[in-house]
Amino acid sequence: MLRRIVVIGLALLPLLPGYSLAQSGDPGPIRVGDRWSYEVKDSLTGDLRPAMAVVVAEVNDKEITTRITLRGRDRPQTMIFDPDWGRIDDGAWKLRPPGIGIQKPLQIGKEWRSDASGINLQSGLTFRAEGVGKVVGREQVTTEAGTFDTFRVDMTVRMINTKDQTRSQTYTFVVWYAPAVNRWVKRTTEWRSEGRVRDSFSEELTEYSRKP
């Protein structure tokens, strides 16, 4: 009798308010129509910024073309990544080879680097983007979209002006990448220039969906 009660209790757990199972399954490759929606918050003030949606428009073995929409803004932005979410072209900047991404397969202690050349498509400004990423652990992360098994990846990118190497900017990212959704469920970004924090914000997944 006791055993039966325990079994019934375990079966009912997922139905209880606030209970969620960690999502860790393999969703298969990224495909057209995949959609990730994020809440974006200013880390310095705590204020919400316009929510962001990322939708896959095209995909092949070399590139992922996405449309990025910010709530309240009419015109979406096209951004192109490599299969590891390394940035290639965002309409304003182009990088060759791609910027640093999430180099799979992931395992604790794995480290990788990138060295890309970039150009501003409007001003012609050129720069080097030197990046390093490292998997520092595995963590369960809960967002509005659910609870996920993630790899925590710490990443740093230093952008150096090729005409004046004394001028540089540093971006620091902490990424919680969830294989179950083929992207991160949480990411923090800090941008520093001339020794000062210029921007700092976080993204958290609120919804993930795929076309049938």
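Scroll up a little and you will see the structure.
Let me begin by describing the structure that accompanies this report. (Residues numbered from 1 in each chain as written. Predicted model: local features only at pLDDT ≥ 70, side-chain atom pairs only at ≥ 80, totals over all residues. Heavy atoms only, no water.)

1. A few points about the overall build of the protein
Spelled out, the test is: Every helix listed is a DSSP run of H or I at least four residues long, and every strand listed is a run of E at least two residues long, numbered separately from the N terminus. To sort residues, take the accessible area from a 1.4 Å probe on protein chains only and compare it with the maximum for the residue type: under 20% means buried, over 50% means exposed, and anything in between is partly exposed. Note on contacts: a residue pair qualifies if any of its non-hydrogen atoms lie within 4.5 Å across the two residues.
Tallying secondary structure elements over the protein gives one helix and 13 strands in all. Starting at the N terminus and ending at the C terminus, the protein contains elements arranged as α-β-β-β-β-β-β-β-β-β-β-β-β-β. Counting every position in the protein, which comprises 212 residues, the buried fraction comes to 37%. Looking at the protein alone, contacts between residues at least 24 apart form 42% of all its contacts between residues at least 6 apart.

2. Quick look at the nonpolar core
Nonpolar side chains in soluble globular proteins tend to end up buried together. Put simply, the test is: Here, nonpolar core means buried Ala, Val, Leu, Ile, Met, Phe, Trp, Tyr and Cys residues that are tied together by side-chain atoms lying within 4.5 Å of each other.
By size, the foremost hydrophobic cluster in this structure holds 39 residues, and its most contacted members are Trp 36, Trp 85, Val 175 and Val 185. Setting aside anything within four residues of it in sequence, one finds Val 175 in contact with Ile 102, Phe 151, Arg 152, Val 153, Met 155, Trp 184, Lys 186 and Arg 187.

3. Notes on the pattern of salt bridges
We count it as follows: By definition, a salt bridge exists where a carboxyl oxygen of Asp or Glu is found within 4 Å of a side-chain nitrogen of Lys or Arg.
One pass over the full model with this rule turns up 14 salt bridges. Lys 94 is the salt-bridge partner of Asp 89, the closest N and O atoms lying 4.0 Å from each other. Residue class for Asp 89 comes out buried when judged on its relative accessible area of 16%. We classify Lys 94 as partly exposed; its relative accessible area is 29%. One salt bridge connects Arg 152 with Asp 154, and the closest N-O pair in it is separated by 3.0 Å.

4. Things to note about the packing of aromatic side chains
The way to describe two aromatic rings as a pair is by their centre distance and the angle between their planes. Which entries qualify depends on this criterion: Paired rings are identified among Phe, Tyr and Trp, the last through its six-membered ring, by centres lying within 6.5 Å, and are further divided according to the angle between planes into stacked (under 30 degrees), edge-to-face (over 60) and tilted (the rest).
Here the structure, examined in full by the defined rule, presents seven aromatic pairs. Look at Trp 85 and Trp 184: their rings are 6.3 Å apart centre to centre, the planes differ by 65°, and that puts the pair in the edge-to-face class. Here Trp 85 is found in the loop between strand 5 (77-81) and strand 6 (87-89), whereas its partner Trp 184 is found in strand 12 (residues 183-193), with 99 residues between them in sequence. Exposure class is identical for Trp 85 and Trp 184. Each is buried.

5. A short note on the pairing of strand 3 (residues 48-59)
The criterion, for reference: Strands pair, by our definition, only if DSSP identifies at least two bridges between them.
As paired strands, strand 2 (residues 35-42) and strand 3 are joined by six bridges and run antiparallel to one another. Residue pairing for strand 3: Val 40 is matched across the bridge by Arg 49. Where strand 2 hands over to strand 3, the hairpin turn is made up of five residues, of which Gly 46 adopts a positive phi near 85°. In this structure, strand 3 lies alongside strand 4 (residues 64-70), joined through seven bridges in antiparallel fashion. Bridge pairing links Val 54 to Ile 68 in strand 4. Here strand 3 folds back onto strand 4, and the loop between the two strands holds four residues.

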